[in-house]
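# Structural description and commentary
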Amino acid sequence: MQVAVIGAGAAGCFCAVEIRRRLPYAQVTVFEAGPKALAKVALTGGGRCNLTNTFQDIKELEDAYPRGASVVKNAFKALSPEQTFQWWDNAGVPLTVQPDGCVFPESQDAMQIVRTLERLMRSSGVQLVCGHKVTRIHQDLQLEIDGLDEPFQADAVLLAAGGLKEDALRSLLPSSVAVTPTVPSLFTFKVPDSGLKALMGTVIPDARLELAGSGLSARGILLVTDWGLSGPATLKLSSYAAHVLAQSAYKGQVAVNWLDADPAQVREWTLEASSRQGRRQLSGYRPQGLSDRLWEHILKRAGADRSCKWAEIDKAQRARLEQALTNDLYPIDGRARFKEEFVTCGGVSLDAINPRTLESKTVPGLFFSGEVLDIDAITGGFNLQAAWSTGYMAAVGISGKLSHM
Ligand SMILES: Cc1cc2nc3c(=O)[nH]c(=O)nc-3n(C[C@H](O)[C@H](O)[C@H](O)COP(=O)(O)OP(=O)(O)OC[C@H]3O[C@@H](n4cnc5c(N)ncnc54)[C@H](O)[C@@H]3O)c2cc1C
């Protein structure tokens, strides 16, 4: 019985180990196009591997997984984040939780994850074949592979090839498998604004960003860089708006709410400032949480005279100040990468698979897991968690199918 896994990444290696656990008599071969397995995992989390999350700050799964939350929900029934924690602990990798819910190996070393998966693949008898790219999957599960004279005939195939582009996926897969357009996610915004650039290095702990006209918004820490906006709030918005921004060629407007406050709250604050702090200059009294430098910038954006007293500002000036605090508009002119970290959104359409097994609806025996599916997440360990859980779910599906053969 032959199982072929395409791609020795997080999802493929995890799945291969789990198939052999269930079907020790099946021959499991992992084909990897690159020179070695798990190359990307070695780079994750800046070399520390943020391999999952406690989900403590996630109210709805859609907040972490803008695409694919319903399938991820099923996958968590097969392997939940808590069970993933246990899985790694059983494999000899104790984990540690950061205050923000991100989970890392205690060793803070992504190579421990790589070495553990490699060891488990070896000890369970998984065959790893590196430097061989699978170029075509046929309807009957025959694979064409670079560097092999003969096609490889499998009884089941897992496609875990990561974030391939739409064209590459279409040329690899039988035409009956639907593929959705692929675009990058998790990027920062280039903002050509000299005033903002002067704030480089400023960290705003609680901000809200909205892509103007889209209704899409994200809150969290905001970082001003020399090219524009970065930090968790920006990355989250880039994920929520990945398709919209791709369609507009990464041009648009972002509205910054520097306090993540409702306009009514801010109005109350400005009224109170005028009545209780009326003798102070605008520059001398600012909302809590804003640095001096940022407040001066906001006053400029509002066209306010910094030496004017709070008691002296008129209605129009008050409205401009409130606007600059809660709806400060900047142009977006392109995207930039975040520490080389990115994921692909789009891929194998979730309509093309059985959401309970991850098997293709049109190619029996062909399964999918990881980023190759139209599933992607915000930063924080959620993408790797999806790779582990969908890899596990596909292993259950493949084992169930082959055990009836
Ligand atoms: C720099 C960086 C840092 C990241 N950090 C984190 C993090 O800390 N936490 C987190 O949750 N997520 C992180 N991510 C995202 C996460 O790494 C991915 O979502 C995850 O690795 C996807 O796993 P995968 O197995 O689906 O794909 P991959 O890990 O991309 O593996 C796919 C494999 O398939 C191979 N392949 C492709 N096509 C073929 C073919 N035709 N034939 C044979 N082999 C093929 C590729 O060479 C690759 O090795 C990070 C991403 C990057 C780029």
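Just so we're clear, the structure is a prediction, and the values are computed from it rather than from any experiment.

## Quick notes on the site of the ligand
- Around the ligand, 29 residues are found, and the nearest of them are E32, G45, N50, E371 and L384.
- In this structure, G45 approaches the ligand through a main-chain N or O atom, which is 2.8 Å from an oxygen atom.
- Here L384 contributes a backbone N or O atom positioned 2.7 Å from an oxygen atom of the ligand.
- For the ligand, whose unbound accessible area comes to 1000 Å², protein coverage reaches 91%.
- Secondary-structure elements contributing two or more residues to the shell around the ligand are α1 (10-22), β2 (27-32), α2 (39-47) and α14 (382-403).
- Taken together, the residues of the shell around the ligand sort by class into 13 nonpolar, 10 polar and six charged.

## Let's talk about the pattern of salt bridges
- One pass over the full model with this rule turns up 16 salt bridges.
- Measuring nitrogen to oxygen at the nearest pair gives 2.7 Å for the salt bridge that ties R67 to D376. Taken together, the positions of R67 in the loop between α3 (61-64) and α4 (69-78) and D376 in the loop between β20 (366-368) and α14 put the pair 309 residues apart, joining distant regions of the chain. Of the two residues, R67 and D376, neither departs from the other in class, the shared state being buried.
- Overlapping salt bridges bring together R208, R219, D260 and D262 as one network.

## Considering the sheet that holds strand β8 (residues 142-145)
- If you trace the three strands from one edge of the open sheet to the other, you get β7-β8-β9, paired in antiparallel fashion. Each end of this open sheet is capped by a strand with a single partner; those strands are β7 (134-137) and β9 (152-153).
- The sheet contact formed by β7 and β8 spans three bridges and is antiparallel. Opposite V134, over in β8, you have I145 as the bridge partner.

## Here's the deal with the domain arrangement of the protein
- Partitioning the protein into domains gives domain 1 (2-184 + 345-403) and domain 2 (187-340).
- A separation of 39 Å is found between the C-alpha centroids of domain 1 and domain 2.
- Listed as interface residues are 11 residues of domain 1 and, on the opposing side, 10 residues of domain 2.
- Summing both partners gives a buried area of about 810 Å² for domain 1 against domain 2, and 63% of it is carried by carbon and sulfur.

Quick notes on the rules
- Residues numbered from 1 in each chain as written.
- Predicted model: local features only at pLDDT ≥ 70, side-chain atom pairs only at ≥ 80, totals over all residues.
- Heavy atoms only, no water.
- Near = heavy atom within 4 Å.
- Polar contact = N/O pair within 3.5 Å; in protein donor to acceptor, adjacent residues only side chain to side chain.
- Areas by Shrake-Rupley, 256 points an atom, 1.4 Å probe, with all protein chains shown as cover.
- Helix = DSSP H or I, 4+ residues; strand = E, 2+ residues; numbered from the N terminus.
- Nonpolar A, V, L, I, M, F, W, Y, C, P; charged D, E, K, R; others polar.
- Salt bridge = Lys/Arg side-chain N within 4 Å of Asp/Glu carboxyl O.
- Buried < 20%, exposed > 50% of the residue type's maximum accessible area, 1.4 Å probe, protein only.
- Pairing = 2+ DSSP bridges.
- Domains from an automatic or database assignment.
- Contact = heavy atoms within 4.5 Å.
- Buried area = accessible area lost by both parts, 1.4 Å probe.

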